[in-house]
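Inside the fold
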Amino acid sequence: MKKYFDQGRQEGRQEGRLEGEIRLLLRLLRRRFGQLPGWAEERLRQASSAMLETWSERILTASTLEEVFSEQL
């Protein structure tokens, strides 16, 4: 029983961290590019932690929202 409790707690922490990363990146993107289109918010909500980190770095140099989410960079 303890194993399942610990596993559930760990999963909850991971989900919480991911949600925090999404909220922070949403705020930064809105500050930089203004109102975000639906597709951008949807991509953020479906992204992995690694992808969110990549996009967080790109926001520093990208001149457009599309550049942040580009598959080519």
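First, a word on what this report is: a plain description of the structure on this page. (Residues numbered from 1 in each chain as written. Predicted model: local features only at pLDDT ≥ 70, side-chain atom pairs only at ≥ 80, totals over all residues. Heavy atoms only, no water.)

**Quick notes on the pattern of salt bridges**
As enumerated under the stated definition, the model contains 3 salt bridges in all. Residues Glu41 and Arg30 are paired through a salt bridge, measuring 3.1 Å at the closest nitrogen-oxygen approach. With a gap of 11 residues between them, Glu41 in helix H2 (residues 38–46) and Arg30 in helix H1 (residues 2–33) connect regions that are remote in the sequence. Look at the salt bridges and you will find they share partners, linking Arg30, Glu41 and Arg45 into a network. (Salt bridge = Lys/Arg side-chain N within 4 Å of Asp/Glu carboxyl O. Helix = DSSP H or I, 4+ residues; strand = E, 2+ residues; numbered from the N terminus.)

**Quick look at the environment of Glu71**
Within the secondary structure layout, Glu71 lies in the segment after helix H4 (65–69). Polar contacts involving the side chain of Glu71 include one to the side chain of Arg43, which spans 3.0 Å. (Polar contact = N/O pair within 3.5 Å; in protein donor to acceptor, adjacent residues only side chain to side chain.)

**Overview of the side chain of Arg58**
Position of Arg58 relative to the elements: it lies in helix H3 (residues 49–58). Of the side chains with opposite charge, Glu71 lies nearest to the buried Arg58, which makes no salt bridge, at 6.9 Å. Here Val68 takes part through its backbone oxygen, which lies 3.0 Å from a polar atom of the side chain of Arg58. (Buried < 20%, exposed > 50% of the residue type's maximum accessible area, 1.4 Å probe, protein only. Lys, Arg positive; Asp, Glu negative; His and termini not counted.)

By themselves, these figures tell us nothing about what the structure is for.
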